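Survey of secondary and tertiary structure
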Amino acid sequence: MASTCPNCGRRLKWYDVKAECKSCGVSIPNFNWEERLEEDSALAEKKFASFYRTLNMFAYSIWGTKLRIVRIIVSFIPIIGFIVPWASLKSEGESIGIDVLGVFTNGKSLIDVFKSFFGNTGLYFQNMGYENHSGPITYTMLGVLFMVLCLLMAVIAFFMILFTNKHPKSKLMVVFDCLSIACAVTSAVMFTLAGKAAPSFKGFNFGDIPMYNATGGIMWGIFVAIGLLAVALVVNILVAKAPAKSHEQLEEERLAKKAAKEEKERLAAIEKEKAKKEAEKRAAEEQERIVREAREKLAADKEKHKKSK
């Protein structure tokens, strides 16, 4: 209940539970209800307008143009670049392939490396110390680290398309695409250094993975990954530079579509009503024909009966 009477301004006590004011007798819940109803209606209309404004821009920012639809696709496709092999370390003992499933390389896969690292983290850092943090283990793990960062930046760039929908010309996706490519290039450098450093170490333990006479370097998959990321970067740049529609234009288009839909529904209702009346008319005519034929038959039967007598 209100703290004061809206009519006379009398301060209400906690025990004033009646709907009527003790001073002026006006019904407090129903006081000036028409004006309050109009205010509520105006407020609801304002909220709906804000909702449609947000929805219009969200839909437009994501798939409002052919170029933006292409952006969604090319921003998702780079995930393929993290499945193919980025690098490998081959040895007379075990071999390691920096691809997720180990399909493209023989030996341990990237998943196996992660399991080994998180199961023996201390051992890895100990082995890195043995090579003075400048050997194949250190460079390979740094390459994996930048590979993970590359994936993280690519994922953020993808979700920025959704989160920046209120700003259709935002360049945040471009920034994260550049960071992703930079991480991929750095990862390639680290894997290259790992391959060059490996022959200097006759035998070493990659965590708990023994390696002898190891050789390695980058593989074709890293070029695929960088290429896909570069395509996503180019498309994001094109989207950022392309002209974008304003909230007012989008609302006008929405209202035009709504009006066209309503007009189509109105015409369809008219046609439906017309068809209904025509059907009723045909049914009435058919009924009249049936009755007329029945009467004619009855009259003929009576005439025949009279003649027979």
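Check the entry above for the structure.
This section reports on the structure supplied with the text. Think of each chain on its own: its residues are numbered from 1, step by step along the sequence as written. Selection of residues for local features in this predicted model requires a pLDDT of at least 70, selection of side-chain atom pairs for listing and counting requires 80 or more, and totals for whole chains, interfaces and linings are taken over all residues. Calculated side-chain values reflect all of the structure's heavy atoms, with hydrogen atoms and water omitted.

What to know about the overall build of the protein
Numbered from the N terminus, helices here are DSSP runs of H or I no shorter than four residues, and strands are runs of E no shorter than two. When you go through the protein residue by residue, the secondary structure sums to 8 helices and 5 strands. Counting from the amino terminus, the protein carries its helices and strands in the arrangement α-α-β-β-α-α-α-α-β-β-β-α-α. On C-alpha atoms alone, the protein measures out to a radius of gyration of 39 Å, which is more than a quarter above the 19 Å that the 2.2 N^0.38 rule sets for 309 residues. Counting only C-alpha atoms, the protein reaches 130 × 90 × 40 Å along its principal axes. In this scheme, a residue with accessible area under 20% of its type's maximum is buried, one over 50% is exposed, and one in between is partly exposed, where area comes from a 1.4 Å probe on protein chains only. When the 309 residues of the protein are sorted by exposure, 31% land in the buried category. About 19,700 Å² of surface is accessible on the protein, with carbon and sulfur atoms providing 63% of the total. Averaging the coordinates of the 43 positive side-chain charges in the protein and doing the same for the 33 negative ones gives two points 1 Å apart. Between the two quantities, the radius of gyration covers C-alpha atoms and the globule rule is 2.2 Å times the number of residues to the power 0.38. Working definition of accessibility: Shrake-Rupley area with a 1.4 Å probe, residue cover restricted to the visible protein chains. The positive count covers Lys and Arg only, the negative count covers Asp and Glu only, and His and the chain ends enter neither. Charged side chains are reduced to one point each, which is NZ for Lys, CZ for Arg, CG for Asp and CD for Glu.

Things to note about empty space enclosed by the protein
Where empty space is left in the structure can be found by rolling a water-sized probe over the atoms. Cavities and pockets were defined on a 1 Å grid built from protein atoms only: a cavity is a group of points that admits a 1.4 Å probe but offers it no way out, a pocket is an open group of points flanked by protein on both sides within 12 Å along at least five of seven lines, and a lining residue is one with an atom within 4 Å of any such point. Grid points are joined across faces, edges and corners, and a volume is the space filled by probe spheres set on the points. For the structure shown, the criterion picks out 1 cavity of 30 Å³ or more. The calculated volume of the largest cavity comes to roughly 40 Å³. Of all the elements in the fold, those that place two or more residues in the lining of the largest cavity are α5 (136-163) and α7 (220-241). The element best represented in the lining of the largest cavity is α5, accounting for 3 residues. Taken together, the residues of the lining of the largest cavity sort by class into 6 nonpolar, 1 polar and 1 charged. All residues other than Ala, Val, Leu, Ile, Met, Phe, Trp, Tyr, Cys, Pro, Asp, Glu, Lys and Arg, Gly among them, are scored as polar; the first ten of these are nonpolar and the last four charged.

Focus: the pattern of salt bridges
For salt bridges, the criterion is a side-chain nitrogen of Lys or Arg within 4 Å of an Asp or Glu carboxyl oxygen. Counted according to the given criterion, the structure contains 5 salt bridges. Among the salt bridges present, the one from arginine 254 reaches glutamate 251, with a minimum N-O distance of 2.7 Å. Residue arginine 254 and its partner glutamate 251 are both found in helix α8 (residues 247-308); the two are separated by 3 residues, about one turn of the helix. Arginine 266 is paired through a salt bridge with glutamate 263; the nearest N and O atoms lie 2.7 Å apart. One end of the pair, arginine 266, and the other, glutamate 263, are both in helix α8, 3 residues apart, so they sit about a helical turn from each other. By relative accessible area, which is 33% here, glutamate 263 ends up partly exposed. Here the salt bridges do not stand alone but share partners, grouping Glu286, Arg289 and Glu293 into one network.

Here's the deal with the layout of surface pockets
Looking at the largest pocket, its volume works out to about 190 Å³. Lining the largest pocket are Asn56, Ala59, Tyr60, Trp63, Gly64, Leu250, Glu253, Arg254 and Lys257. At the level of elements, α1 (33-63) and α8 are the ones that each hand at least two residues to the lining of the largest pocket. Residue composition of the lining of the largest pocket, by class: 4 nonpolar, 2 polar and 3 charged.

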